[in-house]
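Topology and contacts: notes
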Amino acid sequence: MWGGRFARAPAEIMEEINASVDFDKRLAEDDIRGSLAHVEMLAATGIITKTNAARIRQGLETIADEIAAGVFTFSRALEDVHMNIEARLFELIGPVAGKLHTARSRNDQVATDFRLYIRRMIDGLDAGLAELQGNLVAQALAHAETVMPGFTHLQNAQPVTFGHHLLAYVEMLARDRGRLSDARARLNECPLGAAALAGTSFPIDRKQTAAALGFARPMANSLDAVSDRDFVLETLAAATIAAVHLSRLAEEIVLWTSPAFGFLALSDRFTTGSSIMPQKRNPDAAELVRAKTGRIAAAFQSLVMVMKGLPLAYSKDMQEDKEATFAALDALALMIAAMAGMVADMKANPERLAEAAATGYATATDLADWLVREKGLTFREAHHVTGRIVACAEARGVALDALTLEDMRAIDKRIDQGVFDVLSVARSVKSRKSYGGTAPQNVRKMAQTWQKRLEKEKVRR
């Protein structure tokens, strides 16, 4: 396609480093869609005849069918997906195929294709995250009253409900979906018509092609249109944060399904065995979710390094924007699907969760709050008194509510029988009624709110 300027073919190693069709062929659907919009605009503005436009359209639709059927042959000698499609179009309809590239460059073409692709991927990721949220909400509603230990530093801190813990991830995933939605809104501008970098002298209608491709508007600066990749960076940044959230949940599943915790069980569907130890049930799906986070974060960092020193407008460096991005978004989609399956599959062990919640003096803060509320101590004074009571219980090897009233009054005579109203795990959890707190009534209400919200979103989709 650029042989007029060159007398010799590229070196073999040049073809090896330059070709991108092995990975950018996945943009074929988007490339054909962009070309169809472009040719319609060329005909509507009189730049090409309607007859030629019809022939080009028919050829592109034939190619789309061939690609869908898996019979299209991609050639590395033709460098990329765009030239492979154009070459096949020449084979199908002859020289009129050359009119398709009027008022267009591969620079604005690939930028348009990539935006269409990223937009599609965001929509798929959003749907997957919504499904995962729904599965978490269902489990949260089922376990609104199931008590478990809440941790800081992975040490028992205060009792919470299992439902409350799961709803924390629902909130995280909502922010992930919000970031992806924001990225989608910002990328939804059309580069097509920017041509190589300076626009075109042909009387094109960029608003027509933008509307035909579902973009909100054309991009306002031709240089920016062909050289911008922040829409990929922003998507990868949002993907990285989402992957971190999934990894944190995966880590908890790994811990909680271990015999040392015994909080959860996964079925055969999401575990594997050992080649040597017949008793093993390994949470491999969760471990792989945890591990794949690295490739998503690496893709973001990789593209940052590609873009950081590039002058305007297009440079071939930007061909490196795709391979890692494709792999990262594929990995995230797989992670989301695996996590949605595990969350629906997992079975909590309420007895073990309650047993664990009662250890580690998790109601000590409730005792300190009671001293403040009922006896007028400052919180720092109450903290000190409570610490001494905990030390007493620890020395005797008993829980706080197993101490006698005399034991506690020996430390502070202001304590009376009413203290036992706050020392049980169940009462501690029920007392946390502040907005966003772990009280079962809060969890149930919030889970139901999320159910309604997700159902409305599903209807809109």
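Scroll up a little and you will see the structure.
What counts, and where the lines are drawn
Residue indices follow the written sequence of each chain, beginning from 1 at its first position. Owing to the predicted nature of the model, reporting of local features is limited to residues with pLDDT of at least 70; listing and counting of side-chain atom pairs is limited to 80 or more, with chain, interface and lining totals taken over all residues. Hydrogens are left out, water is left out, and the side-chain values use all remaining heavy atoms of the structure. Per the convention used, a helix needs a DSSP run of H or I reaching at least four residues, while a strand needs a run of E reaching at least two, with both numbered from the N terminus. Expected helix span is given by 1.5 Å per residue-to-residue step, counting one fewer step than there are residues. Summary of the burial criterion: residues with accessible area below 20% of their type's maximum are buried, those above 50% are exposed, and those between are partly exposed, where the area comes from a 1.4 Å probe applied to protein chains only. Orientation is described by lines fitted to C-alpha atoms, with helices fitted over the stretch in contact, and by angles between N-to-C directions that extend from 0 to 180 degrees. In these notes the angle categories are as follows: under 35 degrees is roughly parallel, over 145 is roughly antiparallel, 65 to 115 is roughly perpendicular, and the rest is oblique. Here a crossing is taken to be left-handed if its near helix is turned anticlockwise relative to the far helix by less than a right angle, and right-handed if that turn runs clockwise. Contacts are residue-level and defined by heavy atoms, with any inter-residue pair within 4.5 Å sufficient. Residue type decides the class: Asp, Glu, Lys and Arg count as charged, Ala, Val, Leu, Ile, Met, Phe, Trp, Tyr, Cys and Pro as nonpolar, and the leftover types, Gly among them, as polar. Among the buried residues, those of types Ala, Val, Leu, Ile, Met, Phe, Trp, Tyr and Cys that are joined through side-chain atoms within 4.5 Å form a nonpolar core. Note that patches include only residues with greater than 30% relative accessible area and no salt bridge, and the join distances are 9 Å for like charges and 5 Å for nonpolar side chains (Val, Leu, Ile, Met, Phe, Trp, Tyr). Only the protein chains shown count as cover for residues, and all accessible areas are computed by the Shrake-Rupley method using a 1.4 Å probe. Any carboxyl oxygen of Asp or Glu within 4 Å of a side-chain nitrogen of Lys or Arg constitutes a salt bridge here.

Because each turn of an α-helix spans 3.6 residues, side chains separated by three or four positions end up pointing in the same direction. Between its terminal C-alpha atoms helix α10 (residues 230–256) stretches 39 Å, which fits the 39 Å expected from 27 residues at 1.5 Å a residue. Across the 27 residues that make up α10, a large majority, 19, are buried.

A few words on the packing of helix α3 (residues 28–44) against helix α6 (residues 106–142). Put simply, α3 and α6 touch, their axes get as near as 9 Å, and they point 120° apart. Here α6 runs oblique to α3, going by the angle between their axes. Relative to α6, α3 is oriented so that their crossing is right-handed. Of the residues in α6, those touching α3 at Glu29, Asp30, Asp31, Arg33 and Ser35 are Gln109, Asp113, Leu116, Tyr117, Arg119 and Arg120. Taken together, the residues of the contact of α3 with α6 break down into 2 nonpolar, 2 polar and 7 charged.

Here is a general trend for soluble globular proteins: nonpolar side chains tend to be buried in one another's company. Judged by nonpolar contacts, the single largest core of 96 residues is most densely connected at Leu136, Phe162, Leu246, Leu332 and Met339. For this core, the element with the highest residue contribution is α10, accounting for 14 residues. Look past the residues within four positions of Phe162 in its chain and what remains in contact with it is His143, Thr146, Met148, Trp256, Leu264, Met346, Ala348 and Leu353. With 22 residues, the next largest nonpolar core counts Ala364, Ala368, Leu400 and Val422 among its residues.

Further remarks concern a nonpolar patch on the surface. There is a patch of nonpolar side chains on the surface, built from Leu197, Leu223 and Leu312 and spanning about 270 Å² of accessible area. When you line up the elements, Leu223 lands in helix α9 (residues 222–227). A relative accessible area of 31% means that Leu223 is categorised as partly exposed.

Our next topic: the pattern of salt bridges. Within this structure, the stated rule accounts for 33 salt bridges. The partner of Glu91 in a salt bridge is Arg88, with the nearest N and O atoms 3.0 Å apart. Placement of the pair is Glu91 and Arg88 together in helix α5 (residues 81–93), with a separation of 3 residues, close to one helical turn. Assessed through its relative accessible area of 59%, Glu91 is described here as exposed. Take Arg88: its relative accessible area is 23%, and that puts it in the partly exposed class. Across the pair Asp123 and Arg184 runs a salt bridge whose closest N-O atoms are separated by 2.7 Å. One end of the pair, Asp123, is in helix α6; the other, Arg184, is in helix α7 (residues 162–187), with 61 residues separating them in the sequence. By relative accessible area, which is 37% here, Asp123 ends up partly exposed. Connected via shared salt-bridge partners are Glu79, Asp80, Arg106 and Lys316.

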